[in-house]
Amino acid sequence: MLKHISYLDNIPSTPGKFKMEKSPYVHNKLRWHSSLMKLSVWSFIFLALIFIFFYRSPSSNPLPQDPSRRSLRAHNWGGPAWEKRARSSARIRSHDGISVLVTGAAGFVGIHVSTALKRRGDGVLGLDNFNEYYDPSLKRARQALLDRSGVFIVEGDVNDSTLLRKLFEVVAFTHVMHLAAQAGVRYAMENPSSYVHSNIAGLVSLLEACKSANPQPAIVWASSSSVYGLNSKVPFSEKDRTDQPASLYAATKKAGEEIAHTYNHIYGLSLTALRFFTVYGPWGRPDMAYFFFTRDILKGKTISIFEAANHGTVARDFTYIDDIVKGCLAALDTAEKSTGSGGKKKGPAQFRIYNLGNTLPVPVSDLVNILERLLKVNAKKKIIKLPQNGDVQFTHANISLAQRELGYKPSTDLQTGLKKFVRWYLGYYSGGKKAAG
Ligand SMILES: O=C(O)[C@H]1O[C@H](OP(=O)(O)OP(=O)(O)OC[C@H]2O[C@@H](n3ccc(=O)[nH]c3=O)[C@H](O)[C@@H]2O)[C@H](O)[C@@H](O)[C@@H]1O
């Protein structure tokens with residue numbers, strides 16, 4: 001340290017007049033120290049940049065990032081114009097309307113629920129991370145459609161707690177329709193962490209924001225028929241066991257139901273889970289069988305139809321999107337207010353779980369026959385054994401609870417619903433000109 005002072009003493013107050021010491025020792029030492037300082041400064045800047053890049057919002061979540069979400073790092077929100085747009089989108093325009101934050105608004109169910117709410121004069125603000133699980137251009141097309149009906153979609157992730165806090169600051173939402181999720185039963189074997197990220201961490205992040213919001217919103221969210229797993233008692237009733245999930249996807253949805261119960265119990269959040277049964281229709285998800293069967297039949301590609309052991313039929317309680325939308329709106333309309341405030345429970349709050357199905361299971365082979373007739377193309381088919389990757393043999397909803405309490409009454413059969421889907425599909429992909437993802 002003393003040595004240090006001694007050579008620093010040689011530096012004149014006017015740098016231009018600095019005279020270099022002749023001694024090579026001092027000269028080298030000075031050069032060495034100044035290089036060291038430069039190196040330290042650059043190292044500091046470099047480390048600071050790394051820190052900002054990796055730890056800034058929107059990832060306040062410590063879980064590893066799903067690669068499909070890498071593109072989401074850019075911060076796409078904030079500023080007065082953005083706030084004005086968000087407020088205007090969420091403004092209630094009917095006398096008894098509600099103001100709803102719809103997560104996953106650029107998703108399949110999201111676009112339909114948002115449109116229906118907006119149409120009846122409710123305020124709607126969307127949130128979506130536009131991840132690349134399936135063709136993002138389809139999500140962008142849904143966004144453009146919502147934009148035309150006055151629904152703004154904020155680009156961001158439900159795991160971004162800073163963004164969620166901001167949204168609740170800007171708008172006093174009465175309700176949250178939580179549809180953002182990592183969907184798909186079989187993909188869970190390929191990318192398990194994406195299910196934990198969206199369906200567990202994302203749900204907790206959302207519920208944390210809701211519990212702290214003032215007023216606390218009522219929350220309706222998408223669970224899944226897959227929670228029934230290996231349950232063999234049919235039709236599936238809400239009272240049946242759901243402790244035998246057959247896929248990680250199902251397990252994360254089941255975990256979501258338990259997490260929801262905790263937030264209801266501790267914070268007085270009003271929570272309603274809707275167990276959707278294989279929802280299909282226009283603007284649907286390209287990862288679902290009815291969608292990629294249509295694409296592959298038109299391309300002349302062979303499709304695989306699953307069959308259970310001993311030639312057992314694989315069937316689904318396919319449910320048309322318009323029926324699901326009615327169920328979602330009824331759930332929002334009958335949701336009681338949350339009872340907490342300032343993050344504290346004031347009294348017991350509503351906790352509900354409903355099946356939303358069609359209550360008419362159809363074998364997958366029948367689904368294919370209907371598509372062949374509608375597309376006027378014979379499918380190239382191969383029958384293969386139901387893979388052991390998360391699929392269950394059949395689903396069948398008992399919907400009497402939803403019927404009684406929500407007035408839910410599905411009215412579209414598979415033939416009618418698929419006809420509407422095929423019409424949309426052919427229009428959207430304009431005879432195969434656009435590549436169906
Ligand atoms: O109801 C639900 O809870 C779930 O419904 C669907 O899951 P799934 O019923 O498996 O829907 P698809 O993947 O479209 O499969 C439909 C049927 O086609 C069968 N399938 C699928 C793919 C294939 O190549 N061949 C085939 O026969 C499946 O075994 C299943 O019986 C959704 O993908 C899930 O996100 C949702 O949560």
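Not measured: the values here are computed from a predicted model.

*Asks:* Report on the pairing of strand E6 (residues 271-276), specifying residues and quantitative values.
*Replies:* E6 sits mainly inside the fold: six of its six residues count as buried. Going residue by residue along E6, you find Leu271, Ala273 and Arg275 tucked away on one face and Thr272, Leu274 and Phe276 tucked away on the opposite face as well. Two strands pair when backbone bridges link them, and strand E5 (residues 218-224) and E6 are joined in this way by six bridges, in the parallel orientation. Residue pairing across strands places Ala222 opposite Leu274, the latter belonging to E6. On the question of chirality, the crossover connecting E5 to the parallel E6 by way of helix H8 (residues 248-267) is right-handed.

*Asks:* Outline the pattern of salt bridges, supporting the account with residue identities and numerical values.
*Replies:* One pass over the full model with this rule turns up 17 salt bridges. The partner of Glu169 in a salt bridge is Lys166, and the shortest N-O contact between them spans 3.8 Å. Of this pair, Glu169 and Lys166 both sit in helix H6 (residues 161-170), three residues apart, roughly one helical turn. With a closest N to O distance of 3.1 Å, Arg316 and Asp391 form a salt bridge. Separated by 75 residues along the polypeptide, Arg316 in strand E9 (residues 315-316) and Asp391 in the loop between strand E13 (381-385) and helix H12 (400-406) bring together distant segments of the chain. Take Arg316 and Asp391: they sit in the same class, and that class is buried. Each of Glu83, Arg87, Lys166 and Glu169 takes part in salt bridges that share partners, so that together they form one network.

*Asks:* Before we move on, can you summarise unusual backbone geometry with the specific residues and values?
*Replies:* Residues apart from glycine generally show negative phi values, whereas peptide bonds are mostly found in trans. Between Asn214 and Pro215 the backbone carries a cis peptide bond, its omega angle lying at 5°. Counting through the fold element by element, Pro215 comes out in the loop between helix H7 (192-212) and E5. In the segment running from Val234 into Pro235, the intervening peptide bond is cis, with an omega of -10°. Its location among the elements puts Pro235 in the loop between E5 and H8.

What counts as what
- Residues numbered from 1 in each chain as written.
- Predicted model: local features only at pLDDT ≥ 70, side-chain atom pairs only at ≥ 80, totals over all residues.
- Heavy atoms only, no water.
- Buried < 20%, exposed > 50% of the residue type's maximum accessible area, 1.4 Å probe, protein only.
- Helix = DSSP H or I, 4+ residues; strand = E, 2+ residues; numbered from the N terminus.
- Pairing = 2+ DSSP bridges.
- Right-handed = clockwise from strand over helix to strand, strands pointing away.
- Salt bridge = Lys/Arg side-chain N within 4 Å of Asp/Glu carboxyl O.

Any link to function would need more than the numbers given here.
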